[in-house]
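Summary of the model geometry
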Amino acid sequence: LVQKLAERRVEGLIIRPYPTRMNEVSLEVDSHQLPVVSVDWALSGTREFDFVGTADEHGGRMAAEHLLELGHRRIAGLFDDTETLQLRRAGFESAISRFEGAQPPVETEHWDYASEQDCQQMIKKLFEGDNPPTALFAGGNFMLPTIYRAVYSLGLSIPKDISVIGFGDEHYATYMIPPVTTLHQDAYEIGVQAAKLVIDRIENPNSDTPVRQMRFEPRLVERESTASPKK
């Protein structure tokens, strides 16, 4: 798609890159030297790109703090190895490490985008043993359907047995059963600022303006998937 757009002589691109194809997209963009702004997921490659997204590390802290305030002390986290989710992970770990009485989080970052079955098995393993987590933070809302299916297949109930919080607030989050507590991203403002940045690069091709990163604070949206742990 990048190649086709470049062949049609577009003057700039705004891209939300798919996590598993970061390097491929970055190399293609580099070969055309187009002004590029990535949104939500920061592109990585041989050069840096303007980026507009969410204050991911702060959002990770907010997710952990919400669960801790509800009384959870054994919390699990699901992530992948992209910069975006690693920032959310850093904030999540930071909040838990500072909270007296909270156990170190149980985490995994090996999300398999190609196999839901493998991801379900990975989630189920989190609940093995005598002291399973009482809450789970999904680093990205795309994980939620798989998490819900895995939890229900174990005969567990959300939020009675396990609280679940996501990050992203895609439209389907309100239609899941139960509706998902999540961190809401300001998608509209992200789009506005991304457009402004790419237009500025197009209109000032010889500018020495350094690479810019803009991050907007997320907002906690409490729904029905989080509650205090069972006594």
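Procedures and definitions
Residue positions are counted from 1 within each chain, in the order its sequence is given. Only residues with pLDDT of 70 or above have their local features reported here, since the model is predicted, and side-chain atom pairs are shown and tallied only from 80 upward, although totals for entire chains, interfaces and linings are computed over all residues. To obtain the side-chain values, all non-hydrogen atoms of the structure were included, while hydrogens and water were left out. Strands qualify as paired when DSSP identifies two bridges or more between them. Secondary structure is summarised from DSSP: a helix means a run of H or I of at least four residues, a strand means a run of E of at least two, and numbering begins at the N terminus for each. Each axis is a line fitted through C-alpha atoms, and for a helix only the stretch in contact is used; angles between axes span 0 to 180 degrees, taken between their N-to-C directions. Working definition of a nonpolar core: buried Ala, Val, Leu, Ile, Met, Phe, Trp, Tyr and Cys residues. They are joined through side-chain atoms within 4.5 Å. Any residue under 20% of the maximum accessible area for its type is buried, any over 50% is exposed, and the rest in between are partly exposed; the area is computed with a 1.4 Å probe on protein chains only. Two residues form a contact once any of their heavy atoms are found within 4.5 Å. Throughout this description, any angle smaller than 35 degrees is read as roughly parallel, any larger than 145 degrees as roughly antiparallel, any in the 65 to 115 degree range as roughly perpendicular, and the remainder as oblique. Each crossing is labelled by how the near helix is turned from the far one, with a counterclockwise turn of less than a right angle marking it left-handed and a clockwise turn marking it right-handed. Three residue categories are used. Nonpolar comprises Ala, Val, Leu, Ile, Met, Phe, Trp, Tyr, Cys and Pro, charged comprises Asp, Glu, Lys and Arg, and polar comprises the others, including Gly. Whenever a carboxyl oxygen of Asp or Glu lies within 4 Å of a side-chain nitrogen of Lys or Arg, that contact is scored as a salt bridge.

**With respect to the sheet that holds strand β9 (residues 213-216)**
- Judged by pairing direction, the sheet is parallel, and its four strands sit side by side in the order β1-β2-β3-β9 without closing on themselves. The sheet terminates laterally at β1 (13-15) and β9, the two strands that pair on one side only. Here the average twist between neighbouring strands, direction ignored, is 15°.
- In this structure, strand β3 (residues 50-54) lies alongside β9, joined through four bridges in parallel fashion. Following the sheet pairing, valine 52 is matched in β9 by methionine 214.

**Focus: the nonpolar core**
- Counting residues in hydrophobic clusters, the biggest one holds 51 residues, and the most contacted among them are Val36, Leu78, Leu136 and Ile147.
- With sequence-adjacent residues up to four places away left out, leucine 78 is seen in contact with Thr108, Trp111, Met122, Ile123, Leu126, Leu136, Phe137, Ala138, Gly139, Met143 and Ile147.
- In terms of nonpolar packing, the next biggest core, distinct from the first, is built from seven residues, Val37, Ile190, Ala194 and Val198 among them.

**Quick look at the sheet that holds strand β6 (residues 135-138)**
- Pairing in this open sheet of six strands is mixed, and the strands run β5-β4-β6-β7-β8-β10 from one edge to the other. Only two strands of the sheet have a single neighbouring strand rather than two, namely β5 (106-108) and β10 (219-221). Mean inter-strand twist for the sheet, computed between neighbouring axes without regard to direction, equals 15°.
- Bridge analysis of strand β4 (residues 75-78) against β6 gives four bridges, and the strand direction is parallel. By the bridge assignment, glycine 77 is partnered in β6 with phenylalanine 137.

**Notes on the packing of helix α3 (residues 56-70) against helix α4 (residues 83-97)**
- The N-to-C vectors of α3 and α4 enclose an angle of 40°; their axes lie 6 Å apart at closest approach. Overall, the two elements α3 and α4 adopt an arrangement that is oblique. The two elements α3 and α4 meet at a crossing, and its hand is right-handed. Contacts between α3 and α4 involve Asp56, Glu57, Gly60, Arg61, Ala64, Glu65 and Leu68 from the first element and Thr84, Leu87, Arg88, Ala90, Gly91, Phe92, Ser94, Ala95 and Ile96 from the second.
- A class-by-class count of the residues in the contact of α3 with α4 yields seven nonpolar, four polar and five charged.

**Describing unusual backbone geometry**
- Between isoleucine 158 and proline 159 the backbone carries a cis peptide bond, its omega angle lying at 0°.
- Within the fold, proline 159 resides in the loop between α6 (144-153) and β7 (163-168).
- Along the chain, isoleucine 177 connects to proline 178 via a cis peptide bond; the corresponding omega equals 0°.
- Among the structural elements, proline 178 can be located in the loop between β7 and β8 (181-184).
- At aspartate 40, a residue that is not glycine, the phi angle is positive and equals roughly 70°.
- Tracing the sequence through the fold places aspartate 40 in the loop between β2 (36-39) and β3.
- Classification of aspartate 40 as buried rests on a relative accessible area of 13%.
- In the Ramachandran plot, aspartate 169 falls in the positive-phi region, its phi being about 55° despite a non-glycine side chain.

**Digging into the pattern of salt bridges**
- If you walk through the whole model with that rule in mind, you get 15 salt bridges.
- Taking the shortest distance from any N to any O, the salt bridge between arginine 16 and aspartate 40 comes out at 2.9 Å. Within this pair, whereas arginine 16 is found in the loop between β1 and α2 (22-32), its partner aspartate 40 is found in the loop between β2 and β3, the two being separated by 24 residues in sequence.
- Given the relative accessible area of 46%, arginine 16 is considered partly exposed.
- With a closest N to O distance of 2.9 Å, aspartate 56 and arginine 215 form a salt bridge. Taken together, the residues span a long stretch of sequence, with aspartate 56 in helix α3 and arginine 215 in strand β9 at a distance of 159 residues.
- Accessibility expressed as a relative area gives 2% for aspartate 56, which makes it buried.

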